[in-house]
Amino acid sequence: MRENTHQSARPFRRAALAFAAALALLLPVPAAAAPAPEKAPAAAKSIVLPGAGGAEGIAAGKGTVFYAGDLATGDIFRGDIRKGSAELFIDAPDGRMAVGMKFDRRHELLFVAGGPAGTAYVYDTKAATAKATIQLTATRPAFINDVALTREGAWFTNSNAAELYFVPVGTDGTLGTVRTLKLTGPASDTDSQFNLNGIAAANGGRTLIVAHSGNAALYTVNPQTGASAAIAGVNVPNVDGILVRGRTLWAVQNFSNQISRIKLSGDLSSGVVKDVITSPLFQIPTTAANFGGKLAVVNAKFGVQDPENFDVVVLRGKSR
């Protein structure tokens, strides 16, 4: 059943992989084949996404469960960091991509950024079905890259425009009408070819933090006005997905094959890199999910020639 369903999806797979290759050329460091992984430390392990044709996003589910997406087909995998395994969970409709994602624990919904289609996808994880397709923007070019959740709803970034998109989520899980937030200040810089990337909510959703790949920077954003400000003292080349817990921020730096662990000031105006996390298992990591003292990190393998598989690396959230 799966093979027949995806025969018609092959053009979309090729298009998605071609887009990923083009994306690699737009990022600050050129895509070169990543070094072959060495033997990993005992603290790190790899979980294969069986049959995936690409990878980019990951979200922490309930307990030790994670969700990860196939960049090429939009399929959703479900895995468990304790069991060390993953399997296909949702066979997405043809023509989709899956980029950044977040899991809404209250309603058991998975919100997924849809890339160049300008869309967001929402999946019901209880029923393992597609719930909604939301057109965030009709303007092209677009690349809906990542998503952050607050109690009020979901925020999405567009790497080709200085704006964010907000989808309200009601107390019963009902999805509301999209609102576009135009950005001002340094986060609105679109001089580079690839701009806004990762996004996270801080201060209970009263502040958003965005990663800007072209500027190797992190910015705070006022979710009401769109005003942005630089987080001083932090330079993060090749920044991709970001993760915030309290005053700790993890910045995944794809072609740098590392994650910077940053301590933010109380007012979020500055930060200090406290630690740089590396692993021989990293092959262009893009996003991370938090599981207490551990991180689950997706290897996108951009620029890697004929990767045997795509995987998630589980390791400590500190290098020591």
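Residues numbered from 1 in each chain as written. Predicted model: local features only at pLDDT ≥ 70, side-chain atom pairs only at ≥ 80, totals over all residues. Heavy atoms only, no water.

Engineer: Where do I start with the sheet that holds strand 19 (residues 248–253) in this structure?
Structural biologist: Two strands in a sheet stick together by hydrogen bonds in their backbones, pointing the same way (parallel) or opposite ways (antiparallel). Read from one edge to the other, the open sheet built from four strands follows the order 18-19-20-21, with strand pairing classed as antiparallel. Pairing within the sheet leaves two strands with one partner each, and these edge strands are strand 18 (239–245) and strand 21 (271–277). Here the strands of the sheet are splayed against their neighbours by 25° on average, with no regard to which way each runs. Here strand 20 (residues 258–264) runs beside strand 21; their pairing, made up of six bridges, is antiparallel. The residue of strand 21 that forms the bridge with Lys-263 is Val-272. (Pairing = 2+ DSSP bridges. Helix = DSSP H or I, 4+ residues; strand = E, 2+ residues; numbered from the N terminus. Axes fitted to C-alpha atoms, helices over the stretch in contact; angles between N-to-C directions.)

Engineer: How should the side chain of Thr-207 be read in this particular structure?
Structural biologist: Here Thr-207 lies in strand 15 (residues 207–212). Owing to a relative accessible area of 16%, Thr-207 belongs among the buried residues under this scheme. The residues touching Thr-207, leaving out its near neighbours within four places in the chain, are Ala-200, Ala-201, Ala-202, Thr-220, Val-221, Pro-223 and Leu-268. (Buried < 20%, exposed > 50% of the residue type's maximum accessible area, 1.4 Å probe, protein only. Contact = heavy atoms within 4.5 Å.)

Engineer: Can you walk me through the confidence of the model for the protein in this structure?
Structural biologist: In regions of low pLDDT, the predicted coordinates are not meant to be interpreted in detail. Averaged over every residue, the pLDDT of the protein is 90; residues scoring 70 or more account for 87%. Segment residues 1–14 is flagged for pLDDT under 50; beyond a separation of four residues in sequence, or across chains, it makes 19 contacts in the model. Counting contacts from residues 30–42, a segment whose pLDDT is below 50, to residues more than four positions away or on other chains yields 18 contacts. (pLDDT = per-residue confidence, 0-100.)

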